[in-house]
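Analysis of the macromolecular model
Next come the chains, spelled out residue by residue.
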Amino acid sequence: MSQTLNYTPVDRYIRIGPGAFRALVDLVGGVEVNVPKRMYYSDHTQKLYIDLYPGLQTLNGEQAEGFVRFRYDDLGDIGRAQRQQMLIKALQTKLANPVMLTRLPQLHEVLQKHVDTDLTFGELMAIAQFSLRTDPENLRMILLPGRFSGDGYDASYWLLDYDGIDRIVETYFAARSRSVSASPTWSESGSVRIGLQNASGSPDAAQDMADFLYHHGYSNVIISDDWHQEAAATEVLAQQGDLGAAQMVRSVLGVGRVSANSTGVISSDVTVRIGRDWVDILH
């Protein structure tokens with residue numbers, strides 16, 4: 001882990017086993033997730049059976065494990081990493097319910113069975129209690145920046161962007177006490193790569209936003225497929241972990257809330273998931 005993060009010192013580690021998702025989801029009584037597409041896969045050797053239909057639904061532990069393990073789409077393991085982030089956010093939202101504090105003993109049993117760590121019991125319980133009290137909106141999940149491999153590789157790999165990792169380390173590890181600001185190059189040239197996902201229900205919303213951004217100097221804009229679930233509020237995602245760039249785009253748009261997760265457009269620096277509030281502003 002230290003090497004992956006450009007040799008950032010790591011004081012403690014938590015390694016989570018594959019059965020943890022199933023156990024935790026069952027512990028909280030299921031989680032609500034919007035399954036983006038039909039997911040079917042059967043593997044008798046692995047005893048893995050995935051059979052999910054699209055739509056908003058409450059998944060039990062077995063279904064949730066299948067949701068995060070499914071990998072047969074265009075994005076392969078990266079798509080699986082995105083779904084893991086979606087499930088973690090849904091799980092953390094459920095865990096944030098004060099009722100869950102009464103289930104700390106059961107949570108400890110799950111952690112003992114599915115987690116390998118060098119934390120002491122006291123440290124682990126302190127982190128668990130802190131997590132239960134943390135606002136889900138403050139949860140930040142970042143896919144390390146990179147790109148899919150191209151020619152010259154026998155298989156598809158995620159090639160890490162080490163300059164991008166340096167920026168993430170600076171933002172989230174070395175500079176926690178400092179305010180996050182946008183890169184001067186991006187703020188001057190508008191070269192930030194912006195991905196748009198329409199979740200507003202209005203078919204013209206993405207093109208309207210692309211035109212608006214172009215008018216304000218941002219020409220590097222990608223209109224991606226519509227998001228699979230309509231949203232009332234616009235969300236500005238720091239897809240590559242750069243909160244400064246996300247805050248900059250949000251200030252230009254004048255709408256949306258900034259969050260750090262990598263469930264947006266893979267090739268973007270910032271993804272704007274367009275909600276109905278953007279349509280309301282235009283009209």
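Reference entry: report on the structure contained in this document.

Conventions and cut-offs
Residues numbered from 1 in each chain as written. Predicted model: local features only at pLDDT ≥ 70, side-chain atom pairs only at ≥ 80, totals over all residues. Heavy atoms only, no water. Helix = DSSP H or I, 4+ residues; strand = E, 2+ residues; numbered from the N terminus. Rg over C-alpha atoms; globule rule 2.2 N^0.38 Å. Buried < 20%, exposed > 50% of the residue type's maximum accessible area, 1.4 Å probe, protein only. Contact = heavy atoms within 4.5 Å. Areas by Shrake-Rupley, 256 points an atom, 1.4 Å probe, with all protein chains shown as cover. Lys, Arg positive; Asp, Glu negative; His and termini not counted. Charge placed at Lys NZ, Arg CZ, Asp CG, Glu CD. Pairing = 2+ DSSP bridges. Axes fitted to C-alpha atoms, helices over the stretch in contact; angles between N-to-C directions. Phe/Tyr/Trp six-rings, centres within 6.5 Å; stacked < 30°, edge-to-face > 60°. Lys NZ or Arg CZ within 6 Å of the ring centre and 35° of its normal. Polar contact = N/O pair within 3.5 Å; in protein donor to acceptor, adjacent residues only side chain to side chain.

**Concerning the overall build of the protein chain**
- Along the protein chain, the regular secondary structure elements total ten helices and 13 strands.
- Here the C-alpha atoms of the protein chain give a radius of gyration of 20 Å, agreeing with the 19 Å that 2.2 N^0.38 yields for 283 residues.
- For the protein chain, the spread of C-alpha atoms along the principal axes amounts to about 55 × 50 × 45 Å.
- Counting across all 283 residues of the protein chain, residues that qualify as buried make up 43%.
- For the protein chain, the proportion of contacts with a sequence separation of at least 24, taken over those separated by at least 6, is 69%.
- When the accessible area of the protein chain is evaluated, it comes to approximately 15,500 Å², of which 50% is carbon and sulfur surface.
- Positive and negative side-chain charges in the protein chain, numbering 25 and 34 respectively, have mean positions lying 7 Å apart.

**Remarks on the side chain of Q85**
- Tracing the chain through its elements places Q85 in helix α3 (residues 76-95).
- When sequence neighbours within four positions are dropped, the list of residues in contact with Q85 reads M141, I142, L143, N261, S262 and T263.

**Observations concerning unusual backbone geometry**
- Its identity as a non-glycine residue notwithstanding, N6 has a phi of 55°, on the positive side.
- The topology assignment puts N6 in the segment before β1 (14-16).
- Phi is positive for Y7, which is not a glycine, with a value near 65°.
- Considering the arrangement of structural elements, one finds Y7 in the segment before β1.

**A few points about the sheet that holds strand β10 (residues 221-223)**
- Here we have five strands laid out as an open sheet, ordered β10-β9-β13-β11-β12, and mixed in their pairing. Every interior strand has two partners, whereas the edge strands, β10 and β12 (257-259), have only one. Geometrically, the sheet is characterised by an average inter-axis angle of 25° between neighbouring strands, direction not taken into account.
- By the bridge criterion, three bridges tie strand β9 (residues 194-198) to β10 in an arrangement that is parallel. From the neighbouring strand, L196 faces β10, where its bridge partner is I223.

**Comments concerning the packing of aromatic side chains**
- Counted according to the given criterion, the structure contains one aromatic pair.
- Between F212 and W278, the ring centres sit 5.4 Å apart and the planes meet at 75°, which makes this aromatic pair edge-to-face. Taken as a pair, F212 in helix α8 (residues 205-215) and W278 in helix α10 (residues 276-282) lie far apart in primary sequence, 66 residues in all.
- You can call F212 partly exposed: its relative accessible area is 25%.
- Accessibility expressed as a relative area gives 1% for W278, which makes it buried.
- Sitting over the ring of Y53, R38 keeps its end group 3.8 Å from the ring centre.
- Over the ring of W227 we find R273, and its NZ or CZ is 3.6 Å from the ring centre.

**As for the environment of N6**
- Overall, N6 belongs to the partly exposed group, its relative accessible area being 23%.
- Polar contacts involving the side chain of N6 include one to the main-chain carbonyl oxygen of Y162, which spans 3.1 Å.

**Regarding helix α9 (residues 243-253)**
- Residues of α9 that are buried: L243, G244, A245, A246, M248, V249 and L253.
- N-cap assignment for α9: the residue whose side-chain oxygen lies 3.1 Å from the backbone N of G244 is D242.
- Phi turns positive one or two residues past the end of α9, at G254, with a value near 75°.

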